[in-house]
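Fold and geometry: a report
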Amino acid sequence: MSSPGNWHRGAFVRAVFLLSVILYGAQLCFGQEGQASAKVVETDQPVGSCDGINLETANYKVRSIRIDDPFLFLPWVKARQKRASAQITALVQGKPFTYADVSDKALKIIEDENFLPDTSDARVKLRLEFVSVQNCTGGQVDVIYRIYSTQILPVLSARPEERVKERQTPQTPAGQSTVLAKESSPFHFVPTGGYDSTDLLFGGGRFEYKPRRIGKLPFQSAFIKGEASPRMHNVSAALEGAYDSDVETPGWLAHANWLINFSHYSLPTGAGDIRGGHVMLHFAGVTKPLAGGNLNLRFGAALDGGNRQTEAGNLILAPNTVPNAGFGTLKLYGGLDSRFARNIFSASYGLELGSVGPAARVDWRKHIFDARHQFWYSLGNHHLLDLESRFTMGKLQVPGKVPLPERFFGGNNEEFLIASDDWQIRANPVIRAIPGSRFFQTAEGAGGRSFFSYNFTAAYGIWRQTLVPEELTSDDEFNDQLQGSITSVTSTLEVFYYSKDPHYANVVAELPAAQTALQDLQTVVTTVQGTHAGQVEDLFEACTDAIKAVSRRIRNAISSSRVPYGSIAEVLSEDPDDDQLLNVRQACETDLNGALKDASLTPATSQVETLRTQLTAEFNKIDTKKAEKKARDDMAFTRRTLNTLFNDVNIYSISPVFVFDMARIGPRNGAFGGTRYGPGAGLRFELATTAHFTFGYAWNVNQGPGEGRGNIFFAIGVRDLFH
Amino acid sequence: MATATKSTVIKIKVNFQLNTPNGLRRVIFGLEKDTQGDVVSWAINFQLFERAKKSDPFGDPIVSLDVDVDKALNSKAEKASKGLTAPQAAFALGPAADDAKAAESGEIDQDDAQKTVQKTLKK
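Right, let's walk through the structure included here. Keep in mind that this is a model prediction, so the values were computed, not measured.

Moving on, we get to the pairing of strand S10 (residues 296-310) of chain A. When a strand is regular, its side chains alternate between the sheet's two faces. Residues and elements named next belong to chain A. As defined by bridge partners, strand S9 (residues 273-287) adjoins S10 across 13 bridges and the pair is classed as antiparallel. Across the sheet, residue Ile 274 finds its bridge partner in S10, namely Thr 310. Relative to strand S12 (residues 325-339), S10 is paired through 13 bridges, and the arrangement is antiparallel. Bridging across to S12, Asn 296 finds its partner in Asp 337.

Shown next as structure tokens:
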């Protein structure tokens, strides 16, 4: 029989072997031809440069074509790229270069393939397409088509959970993994794994089925996730539903989600396991950005019921603590998130009210505060310095009794207050230097009554490959146009906020009167034309055309259920090229009646002019500055996220990591309870196409009984195998 | 050994997606910049999508117009490629979309609709 020491060595060897396999796989990946991030080498002498050459008149032929998309590793993108490549190759390769074929027709083929289908959630879409040429040598040229498309969650991108995904799986925040495309599977499976010396080597994953809807139920996805080793397990299964508000949709709620979840866990403490199983109903919402676009609020509630158990071992029960019990809890929580150019800050507070057995009383109260800060800065080109801090504290008050597993058990194992992946409120003291859940012994027995923990991780990307080629990220035109996409959406929002101004409503209310006045004018003009038959026919035609044009705009504005701001602005414009009411005055009163001097026309033209003056005065009172600010605030997170995705995100990076943890549980007496410190170091490897992992060792500087001198921590997540 | 030269961009297309607040109308305002040697030209690819209910997919565009931008408006096209202003977005979703639809139904000429779409740049 192997000793625990041998087992640990074996696990360590397996972990190193796994690491080697991944690194080898990564090398193969980097070697693949056609990656969007392939570097373009700029030579000192531009031999073969295509600058300033009209390739069509210079009789060049197309040597080769290539379509680049940063997300080619996704099967649905790859399938489209292959189809488009085949068609474009047949169209242009080996043939004389023509701009019509190489630029226009080929790009049409790419657009028809639609490299940016809608997603199952509401996002702001951006798409940039480039056709480039290079290697103009020997009468031949290589053509590259580059597609940069992304779709961003307008509010949820401010969450720290999302920033982690930006690093590990940029395809997810870029909206490429939830597209509604037939090549995109509704099934997702993300294997995960890890090691620590108490949990031992564990594996698992997250399997999700995400059709657009599950029958007639208010759920869009079903998932099972978990991890297990010979010593521990933590699994849950859930049905989840969500609502997303479009950025242009009125209202304060940006996102809501709800789930029914069943969880079961067993975590080793080194002196016996703590276990639990429960069913949870959870609802949470997120507001649209507040405070000048700098923060949004989250809120939620959960009802939870099940049992908590303790495996017989050497665990000493604290007062008012029961080892096994059925329980019920009500959890209420709230928080705020904020995202700036290079920082994300989040703070959450949760209150848990629990009872032993099915009773309407409070046997214990748990207060949890969890704050996270993430900072990233590019030192050099895309060499990111990432600093992550997390501070968590909790307090347990027990007026009745509490099941032992509800007390605070710390260590490398993380426990969360709620089951949602979208909002992770950590609920125990985490210290990577202590394996499993071994940090629990206090002056009054097993499990803390209070705790705090602080975790700091610093990583610096030494080796990396950028998601978007560096020649583009440093190109002003590319960056301007990227910003332009967000600017355009912001402008649409701005128009929407114009429509919320009371003066705008007054204008809209007067549109039927303006339409009637124009109809009356047309009637009078027709009558007058009969009286002056054969006279100034061109002026009559001009007057009638002006009335028709404006009437059509007003009719569209009145009949439309959307915001008709553009039509109204056109009608009230002072630009003679527009279909505006001023043209009616010019054509019908100044020109036509100026020639006819017919008194019967004047009252009708005056009525139109009076209404025009009133409408214009009201229209000009719309507070456009306020609307502009509101729209800008709404889009602040989206713009900041876009900048990160295009300017800071790497397709792979390898970073040395420094960690420092500090955790305390109480009450303390001597070596029981108190504060532990855990400095450590390791390596972080993030490859969007394959996997991400962190591997390291942290020392438990002032260890307590049974905690160990330190811990090897290793966690791996593999890319979605169905995508 | 042949070395790759820096690439030369001969076409850039930026697509601005504009949605109405009721979610029933969408305009894709595509701006294309073509460079042939030293000659630069601009074009607009205007697509209008409509749907009866917000829960329906938009499907294919009900109107798609390609407009060659007047050379005199090149500088305005260049500016618009860095983002449409609020009046431009309102015009694209309102009069430009209305006229594109009217041209499709034969109410106005295709040329007039193209002129209206191009007028977006002047807003």
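Back to the write-up after that little detour.
Here we take up the interface of chain B and chain A. Residue-level contacts link 43 residues of chain B with 57 residues of chain A. When residues of the side of chain B that touches chain A are traced back to their parent elements, those giving at least two are strand S1 (8-19), strand S2 (25-36) and helix H2 (86-104) of chain B. Broken down by element, the residue count for the side of chain B that touches chain A peaks at 12 residues, all from S1 of chain B. Among the residues forming the side of chain B that touches chain A, the class breakdown is 18 nonpolar, 17 polar and 8 charged. The sheet contact formed by strand S2 (residues 124-137) of chain A and S1 of chain B spans 7 bridges and is antiparallel. Bridging from a neighbouring strand, Glu 129 of chain A pairs with Lys 13 of chain B of S1 of chain B.

Turning to unusual backbone geometry, a few remarks are in order. All names here are of chain A. Each neighbour pair has its own omega, and for Gly 666 with Pro 667 the value is 5 degrees, a cis peptide bond. Inspection of the secondary structure assignment puts Pro 667 in strand S21 (residues 650-669). Even without a glycine there, the phi angle at Asn 135 is positive, about 55 degrees. Phi at Leu 200 takes a positive value of approximately 70 degrees, unusual for a residue other than glycine. Turning to its location among the elements, Leu 200 is positioned in strand S5 (residues 200-209).

This part takes up the sheet that holds S2 of chain B. Strand pairing in a sheet is mediated by backbone hydrogen bonds. Such pairs are either parallel or antiparallel. Taken in spatial order, the 7 strands line up as S1(A)-S3(A)-S2(A)-S1(B)-S2(B)-S3(B)-S4(B) in an open sheet, and their pairing is mixed. With partners counted over all chains shown, the strands left at the sheet margins are strand S1 (61-68) of chain A together with strand S4 (63-68) of chain B, one partner each. Strand after strand, the sheet turns through a mean of 15 degrees between neighbouring axes, direction not considered. For strand S3 (residues 39-50) of chain B and S4 of chain B, the ladder comprises 6 bridges, and the chain directions are antiparallel. Among the inter-strand pairings, Phe 46 of chain B is bridged to a residue of S4 of chain B, identified as Leu 65 of chain B. Each of S1 and strand S3 (140-152) of chain A is contacted by helix H2 (residues 75-92) of chain A, which is oriented at about 170 degrees to S1 of chain A, the strand it contacts most. Across the sheet, helix H13 (residues 636-647) of chain A is in contact with S2 and S3 of chain A; its angle to S3 of chain A comes to roughly 145 degrees.

Parameters and conventions
Residues numbered from 1 in each chain as written. Chains lettered and ligands numbered in written order. Predicted model: local features only at pLDDT ≥ 70, side-chain atom pairs only at ≥ 80, totals over all residues. Pairing = 2+ DSSP bridges. Helix = DSSP H or I, 4+ residues; strand = E, 2+ residues; numbered from the N terminus. Contact = placed C-beta atoms within 7 Å. Nonpolar A, V, L, I, M, F, W, Y, C, P; charged D, E, K, R; others polar. Axes fitted to C-alpha atoms, helices over the stretch in contact; angles between N-to-C directions.

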